[in-house]
Amino acid sequence: MNLPRGRAITKLLRSPVVQKCQLSSGSVRGVKGFDEMPGPRGPLGLGNLYQYLPGIGRYSFDELHRSGEDKYAQYGSIVRETMVPGQDIVWLYDPADIATILDDRTPGIYPSRRSHTALEKYRKDRPNVYRTAGLLPTNGIEWWKIRSELQKGLSSPQSVRNFLPATDKITREFVIRTQKMLKDSAQTTQNDDNADGVLMENFMPAISRLNLELICLLAFDVRLNSFSEEQMEPNSLSSRLMESAETTNSCILPTDQGFQLWRYFETPTYRRLRKAQEFMEKTAVELVSEKLLYFDEDQQRLASGEHGSKSLMEEYLRNPNLELNDIIGMAADLLLAGVHTSSYTIAFALYHLGRHASTVQERLYQEAKAILPDPRDNRIGAAALGSEASYCRAVLKETFRLNPISVGVGRILNRDHVLGGYQVPRGTVVVTQNMISCRQETFFRDADKFIPERWVRETREPVNPYLVLPFGHGMRSCIARRLVEQSMLVLLLRLVRSFEIEWAGTVPMDVKTKLINQPDQPIKLRFKPRPK
């Protein structure tokens, strides 16, 4: 077969043998090879995992943002780190490179990542309960089949708005309860006039209980009564669910990295994950079974208008394309991801608001006061969240910039890419370093300062859209993003409308990178009731 010379050269360059040589040597048009990419490989190329071992290395899985800063300072905007031989991670700091991997729309290929691998093993070892490993660890067409069905109850703005009345009702109850608790505390400390406010040593448990109550109502149409005396006990359902979610999340990063010995025998970390998941699984099965048992009755109540919004489980149980195993897996995922993700973000927001009481918090208070003239009687409607809460959205966006949910977004490359001037082969694990990039003066003016005005329309600054990605990006973004944002906006508006909040903890507050970023100290706040 005779090919024109140009086509013959193109075919030769695209051949697997030539491309493999190009990836390692980087001889194409000045692009450098994968082996030339800077970064730590460990002694004799045996890997850098030892640097993360407690008492031995300079890094920690609990402080990935610190190791990220260090690598950025040493190596620049793209870093190749060998964890163990044959297991590389490429860290990306440049938003142009981040856009390249997140916007990869190769036909027929779905975005992949390597995460929650121990959770995947746990679920695959239990085929009687789970049909798949769920949304978090699954990749490829198997992932898309369940994602495309599960997102139907969460994807449209109208679906999310249906949950707003219930969200606002529970949040209003939470604020009233907080007011009573602070009043009782003031009387106990002989501070009846509350002139200086009431100190709360750690507000985090209360926020977590609120979010657990919300997720159970919205997902299962069940009230756990998380603030009741019974549920406040350490061995209660609410307490154990929060503890199990935190334990599972803290075990993900250590089991994802390194030699993964848990695949061959039960390591202490895997044992903690297994026990936590067994309890969450048991709870998820019970909640779904209860919803299934009373499904016909709920349908009648819904038709009569007795309650105005459907739970997510009702949506899923109606879907003929979902197996019961899929629904149980989603229920477990909601319990795992739905509590602490929102709680930590609210904690960071309150930290920033408490440190900028006379400026940022005061402006947010004026907005909240306009939306809720009488916070006990007024309701937050969809229109208010859409147009009148613009500054509250800016506060949340700036919180996400400085304190994102995670350090970045992970992907497994579905094809070869050129990133930062280097050839990166298909199958490479790539993780973006958005948390570090968002604190660089290169991309933001006064990058270390909390300035929500940079997101307000009148004073908006030009920002690369691939820098602030708290919920991920594209097809693989957080399935419950709109629901989570709605809940956080309602809580911030109601808290700031009812209280003047002052940060009373240590400054600055740092983070622990337990898969999701959590505050490194108790959320110590001073509350002073505002006039009605």
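Residues numbered from 1 in each chain as written. Predicted model: local features only at pLDDT ≥ 70, side-chain atom pairs only at ≥ 80, totals over all residues. Heavy atoms only, no water.

*Asks:* Would you mind showing me how to read the environment of Leu150 here?
*Replies:* With respect to the element layout, Leu150 can be found in helix α6 (residues 140-150). A C-alpha to C-alpha distance of 8.8 Å links Leu150 and Asp326, two positions 176 residues apart in sequence. Filtering out sequence-adjacent residues up to four positions away, Leu150 remains in contact with Leu135, Tyr316, Leu322, Met330 and Ile479. (Helix = DSSP H or I, 4+ residues; strand = E, 2+ residues; numbered from the N terminus. Contact = heavy atoms within 4.5 Å.)

*Asks:* Is there a simple way to explain the sheet that holds strand β3 (residues 198-200) in this structure?
*Replies:* Hydrogen bonds between backbone groups are what pair the strands of a sheet, and the pairing can be parallel or antiparallel. Strand order in the open sheet made by the three strands is β3-β11-β8, with antiparallel pairing throughout. Whereas interior strands pair on both sides, the edge strands pair on one side only; in this sheet they are β3 and β8 (499-503). Pairwise comparison of adjacent strand axes, ignoring direction, gives a mean angle of 30° for this sheet. Relative to strand β11 (residues 525-529), β3 runs antiparallel, the two being bridged by three bridges. Among the inter-strand pairings, Leu199 is bridged to a residue of β11, identified as Arg526. Along the sheet face, helix α8 (residues 164-188) touches β3, β8 and β11 and points at about 115° away from the line of β3. Seen against the sheet, helix α15 (residues 340-355) touches β8 and β11 and runs at an angle of roughly 90° to β8. (Pairing = 2+ DSSP bridges. Axes fitted to C-alpha atoms, helices over the stretch in contact; angles between N-to-C directions.)

*Asks:* Quick question: what am I supposed to make of a negative patch on the surface here?
*Replies:* A cluster of acidic side chains, namely Asp196, Glu362, Glu500 and Glu502, defines a negative patch on the protein surface. Its location among the elements puts Glu362 in helix α16 (residues 357-371). Exposure remark for Glu362: the relative accessible area of 31% places this residue in the partly exposed category. (Patch = residues over 30% accessible without salt bridge, like charges linked within 9 Å, V, L, I, M, F, W, Y side chains within 5 Å. Areas by Shrake-Rupley, 256 points an atom, 1.4 Å probe, with all protein chains shown as cover. Salt bridge = Lys/Arg side-chain N within 4 Å of Asp/Glu carboxyl O. Lys, Arg positive; Asp, Glu negative; His and termini not counted. Charge placed at Lys NZ, Arg CZ, Asp CG, Glu CD. Buried < 20%, exposed > 50% of the residue type's maximum accessible area, 1.4 Å probe, protein only.)

*Asks:* Please clarify how empty space enclosed by the protein should be interpreted in this entry.
*Replies:* Any space left empty among the atoms is revealed by the rolling of a water-sized probe across them. For the structure shown, the criterion picks out four cavities of 30 Å³ or more. Put simply, the second largest cavity is a space of about 70 Å³. When residues of the lining of the second largest cavity are traced back to their parent elements, those giving at least two are α6 and α14 (324-337). Examining the composition of the lining of the second largest cavity, we find that five residues originate from one element, α14, more than from any other. (1 Å grid on protein atoms, 1.4 Å probe; cavity = no way out; pocket = protein on both sides within 12 Å on 5 of 7 lines; lining within 4 Å. Points joined across faces, edges and corners; volume = space filled by probe spheres on them.)

*Asks:* Would you explain the pattern of salt bridges in this entry?
*Replies:* Where charged atoms of side chains with opposite charge meet at close range, the side chains can pair. Evaluated as defined, the whole model comprises 37 salt bridges. Residue Arg66 pairs with Asp510 through a salt bridge whose shortest N-O separation is 2.7 Å. Of the two residues, Arg66 sits in helix α3 (residues 64-75) while Asp510 sits in the loop between β8 and β9 (511-514), which places them 444 residues apart along the sequence. In this structure, Glu461 engages Arg454 in a salt bridge whose closest nitrogen and oxygen atoms are separated by 3.3 Å. For Glu461, a relative accessible area of 15% corresponds to the buried category. What makes Arg454 buried here is its relative accessible area of 0%. A network of salt bridges, in which partner residues are shared, links Glu398, Arg401, Arg445, Asp446, Arg454 and Glu461.

*Asks:* Where do I start with the sheet that holds strand β2 (residues 87-92) in this structure?
*Replies:* Spatially, the four strands line up as an open sheet ordered β1-β2-β7-β4, and their pairing is mixed. The open sheet is flanked by β1 (78-84) and β4 (410-412), the only strands paired with a single partner. Between one strand and the next, the sheet's axes are offset by a mean angle of 25°, whatever the strand orientation. The pairing of β2 with strand β7 (residues 429-432) spans four bridges and is parallel.

*Asks:* Honestly, the environment of Asp326 in this entry has me stumped. Any pointers?
*Replies:* Its place among the elements puts Asp326 in helix α14. Excluding its chain neighbours within four sequence positions, the residues that come into contact with Asp326 are Arg131, Thr132 and Ile146.

*Asks:* What's the story with the side chain of Ser67 in this structure? I'm lost.
*Replies:* As for its position among the elements, Ser67 is in helix α3. Residue Ser67 is classed as buried on the basis of its relative accessible area, which comes to 2%. At 2.9 Å, the side chain of Ser67 and the backbone oxygen of Leu64 are in polar contact. Sequence-distant contacts of Ser67, defined by excluding residues within four places in its chain, comprise Tyr52 and Tyr59. (Polar contact = N/O pair within 3.5 Å; in protein donor to acceptor, adjacent residues only side chain to side chain.)

*Asks:* It is not clear to me how a nonpolar patch on the surface should be interpreted in this structure. Could you clarify?
*Replies:* Residues Phe259, Leu261, Tyr264 and Phe265 make up a contiguous nonpolar surface patch of roughly 510 Å² in combined accessible area. Of note, Leu261 is situated in the loop between α10 (237-256) and α11 (268-293). Exposure remark for Leu261: the relative accessible area of 43% places this residue in the partly exposed category.

*Asks:* For this particular structure, what's the right way to read the nonpolar core?
*Replies:* In globular proteins that are soluble, nonpolar side chains generally tend to be buried together. Among the nonpolar cores identified, the biggest contains 139 residues, and Phe203, Phe220 and Leu350 are the most heavily contacted of them. Filtering out sequence-adjacent residues up to four positions away, Phe203 remains in contact with Phe174, Thr178, Leu350, Leu495, Ile523, Leu525 and Phe527. Counting residues in hydrophobic clusters, the runner-up holds 17 residues, among them Ile98, Leu102, Tyr422 and Leu469. (Core = buried A, V, L, I, M, F, W, Y, C linked by side-chain atoms within 4.5 Å.)

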